[in-house]
Structures are given as C-alpha cells and as structure tokens.
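What the coordinates show
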Amino acid sequence: MTGVTPKPPRSPSPSRVSVPPPAAGLRRDFRNLPMKQRLRCSRPHSPAGTRRRGRPVSELVAAEDVLLFVNAAVTATGQREFRSSAGEQRLSLAFLHEYVRVNYRPVYAAALALDINDHNAALVVEHLLRTPAEAGPGEGRLIAARLAVLPPQRVYRLFGALRAAKVNNRRTRAIVREWLAARPDPALDAVKYRAGLKTALRHVHGRTADPETGDFLFAPRRRVRYGSPLLDAHRRAHYEQGALYELPFTVAEGFAAKHGVPRALFLERIAPRMTRLERLRTERAAGAARDLSVMPLTRLAVYVLSLPFGERVARRAELTGALRAAARRVAGPYAGSWGRVAAVLDDSFSSSGSAVKRRRPLAVALGCHFLLEALAAPGAYRPLWTSGGDDPLLVRPYGPTPLGLRVLDALETGPERLVIVSDGWDNAPPGLAGEVLRVWRTRLDPERRTSVVHLNPVYDAGGFDVRGLAPGVPVAGIRDAEDLAALVEIAQFAEGRTGFAELRAYLDRRVEAFLKGAGG
C-alpha cells in the first residue's frame, strides 16, 4: 500500500517485545490531507535531529503514531458512526493497520495484549499471519493467547477469512490446529459452529480427535445414531420436537421455527440451555430482566438506555443499584482512591450513535459516570452532563454539545481529576472547550494540580484517530466503560511528555502480564 514506509532492519531481543527506533512517522499534517492524497503520499517523515520538549521529534512522532493506532483499535469496529459511514470506517482502519504493521510491527503485535476490541484484534492476527516472512520473536505466543480469549464465532470467522485469502503457511496451520485442539467441547463446536469448524479443518487439512465428530461434519448419513448425546440430539431434532431442547439455544431456534413451536413456549422450555447473555437478550421482550447485578457495566448501561422513561422511573432503585454494583466490581481495590473527581459527560444528540451502534456513546458515558462515582472519594464526585440534566437514569441523546461551558463549571470546583467523556465535537460555541483547557493549562494551572483526560467513544475515520479537544489535553479512545482506569493510564503518553522508550517499556509490561495470565 502506498503511504507506508518500509520497515528498517531490526534485531529485537527474543525475551522481550520491543521496537527499533522509527524511521518515519504519520505526521499531523499528513493526517489533515484529503483521504485520496493520504493514500498517495509516500515516506512521510520528521526532520532528523529536531527536538521537542527535550526529545527527538522522531521519537515523539512514533509515540503519536502508536497511540493513534491504539485509539483506533479500541474504538473503531468498521461499522457506521454518527458522522461517518461503514465504508469510510473500514477504509480508514485498513490504512492504519497496514501503516503500523509495516513501520512498527513489534508494537503492532504487542497491541494484542492491550484492551483493543475484538474486531481489531482479529484484524491484527489476520495481518500478522498474512506476512510470515516479517514475523518477529514472540508473535506466535501473542497470537495464540489472544485467540484463546476471543469469542469462538469470531475466531471461526477469522479462519474463514484466512482461507478465502489463501493464507496457509506453516505457522498459520499450527496456530489453527492448536486452537482447535484446545477447544473444551468439540461436539458443541460441531453443532453450534458447524460451518466454521468444517472450513477450518479443511483449510489446515486437519482431523477431529473423535471419529463421531468427523462423521457428523463430513459424512452425516454414515451413522444411524451417535454416541455423543449432543450430536444425536441434533440428528433427532430434525423430526422430534423434544430433542431440540437438548441443543444450544442458537441451534434450537432454527429447529423451533421449522417445527412451528410458539415462541413463548420455546423460550420457557429452552431457558435451562441458554447462556446468561442469551437470557438477557430475550427477557426484554418477555418482561423485566433478571440477574442485572451480574451484567457487565457497559452492557447494563446499554440495557438501561433501551428502556422507556416510565419503566426506568418505576425500576429506579433496581437499576441504580445494579449499575452501582457493576461499577464497584470494576473499581475493585481502587474504589474511593481518586480523590476529588469532576466529569463532563456528553449526552448531546450525537451520542445517539448510529443504527448499528444505537446509543452506544451515551451508554459509555453512563457507565463512566457510575464508575467515576465509585473511584472518587466518598462525596467528592461531581458529574456535569452537557444537557444540564442531573438525573443519570433519565439521560437521552438531545441537543448541542456545550463542552466549553461544562468544562468551566467543572474546573470551578477545583477537582484533582477532570474526566471528559465525549465525541469531541464541541459546537456550542465551537472550540470553546479547547480554548478553556488551553488557558487553564498554560496560565491558571501550569503546575498541573488538576489532571485532565479526554475519553472519546467515537472513532473519527477522516482523522485516523479519536477527535481531541486541545493539544495539551491527552485523549484516548474508549469502547467499554470498564477500561476507563487503564485508558487514563495510557493517556499520559498522548501528552508528548513521555517518549517512545517509555511507551515501549509500558507495552513490554503489558505483554508480559498478558502472556503470564494466559499461561504462556
């Protein structure tokens, strides 16, 4: 791809995931060019020997490039956003993945140990496996560890993409075989992910450990019955209604429709076979949801925002208690340790998201609200919604985005931490938030008594990054409120006060912890 600088020779230590000094960088002026001109540009670079804040510009530009990719990999999913189409998102992501893989491949692989979303984790694995000649030490372990925590359906989709691209090198075959061999229940995979499993086995010329599973996949008429209860239930479900209740929910749904089973009766009888998330997805239509206290924070916020206002009011105690319980679980030992905290939370119209990501930005802001409440010292948290509302349970996406006014209100309280959760489109009046933060940082608080960080849940495809508010305010992409604390930590590198060496050391620590947790 044009616009990508060839990677310099490297000699990393096999015991660490580190990167060589960068030869080039994706400069800020480069990102401001029109899309077609960006793709035609070649060898963007920084002047050699120039220094900024006591550090070589090339190091700071490299750190900016890496953080830019991390922000994209955390927030972007290739789906339509409020201000950009799915095609623009995919084009922007494709360029970023190619650019960072070529220029900073060890860091690109190390991103698998960070809290990037599953969509981008699968893309990273695919790009690494497509280019085995450029592989560095430790990549295989990182790929295997990340595949082990990805949802099975996404992994099977990845294997299908590799087959379609005719990627079948020895490393790819070994990784696919190891992942398949580690699956805890091959019969369940054969029933639930039948097409994906068949594609993966054919691609790597593999065999199932159990001959029954192999016959079920490739010669289903060979056996009259199966010894495996699950495989035999699938066989019987074609003509016996009772057998479908022995199958996984997603498979049983198809058989229920085939046999004309009423939906209510089917849901009642299949309930013991449903996973917790499947139960929560279906209970909304049937009535009040149960087990809210065990839901993840962001998913719970999405659920709350899907309820009508009347139901939110009627269930206020239940919903608020569940959100606070989820936030306390996320805060863990850090609950109450952040001191005085102020938050500017965006509930403007753009927080409605898109048809495929309905109210997602607002749900992230709602989840962050309850998490910051848990992290702040008791009674030392002040939330400020851009709408001016004071009831978090009744927020809705409406109106403009007066971030500047809310930032002024927040700074007047003298917080130790100011967290802004917004898509960054300050428009009432435009640019006021950036000017307020610039003056605050340069004139009123040069000693940085107040820590300011901007968390943005929306990827800006045109800018190859999440939209920031001011040059002196670090910005990080956020997809789930649960990642808030880790993103505030990594946002320090976005200020330009730390260089590429510090960022490499941080990534090395994250990779080591990730592999240790994965048993690698």
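Check the entry above for the structure.
What counts, and where the lines are drawn
Residues numbered from 1 in each chain as written. Predicted model: local features only at pLDDT ≥ 70, side-chain atom pairs only at ≥ 80, totals over all residues. Heavy atoms only, no water. Axes fitted to C-alpha atoms, helices over the stretch in contact; angles between N-to-C directions. Helix = DSSP H or I, 4+ residues; strand = E, 2+ residues; numbered from the N terminus. Parallel < 35°, antiparallel > 145°, perpendicular 65-115°, else oblique. Left-handed = near helix turned anticlockwise from the far one by under 90°. Contact = heavy atoms within 4.5 Å. Nonpolar A, V, L, I, M, F, W, Y, C, P; charged D, E, K, R; others polar. Buried < 20%, exposed > 50% of the residue type's maximum accessible area, 1.4 Å probe, protein only. Pairing = 2+ DSSP bridges. Right-handed = clockwise from strand over helix to strand, strands pointing away.

Direction vectors running N to C along helix H7 (residues 139-149) and helix H24 (residues 500-517) enclose 60°, while the axes themselves pass 10 Å from each other. One way to sum up the angle between H7 and H24 is to call them oblique. Considering how the two elements wind past one another, H7 and H24 form a crossing that is left-handed. Counting all contacts with H7, which are made through Arg141, Leu142, Ala145 and Arg146, the residues of H24 involved are Val511, Phe514 and Leu515. The class makeup of the residues in the contact of H7 with H24 is five nonpolar, no polar and two charged.

Here the focus is the pairing of strand E3 (residues 341-345). Here E3 lies mainly inside the structure; five of its five residues are buried. Burial along E3 is two-sided: the residues Val341, Ala343 and Leu345 and Ala342 and Val344 are all buried. Alignment of E3 against strand E4 (residues 381-385), held across five bridges, turns out to be parallel. When the bridges of E4 are listed, Leu345 appears paired with Trp385. Note on the crossover from E3 through helix H20 (residues 360-375) to E4: the handedness is right-handed. As paired elements, E3 and strand E5 (residues 417-421) share five bridges and run parallel to each other. Residue pairing across strands places Val344 opposite Ile420, the latter belonging to E5.

This next bit is on unusual backbone geometry. The omega angle of the peptide bond from Ala428 to Pro429 is -5°, so this bond is cis rather than trans. By secondary structure assignment, the location of Pro429 is in the loop between E5 and helix H22 (432-444). Phi at Arg359 takes a positive value of approximately 60°, unusual for a residue other than glycine. Relative to the elements of secondary structure, Arg359 occurs in the loop between E3 and H20. A positive phi is found at Arg448, a non-glycine position, where the angle reads about 60°. Tracing the chain through its elements places Arg448 in the loop between H22 and strand E6 (451-456). With relative accessibility at 28%, the residue Arg448 sits in the partly exposed group.

These figures capture arrangement, not role.
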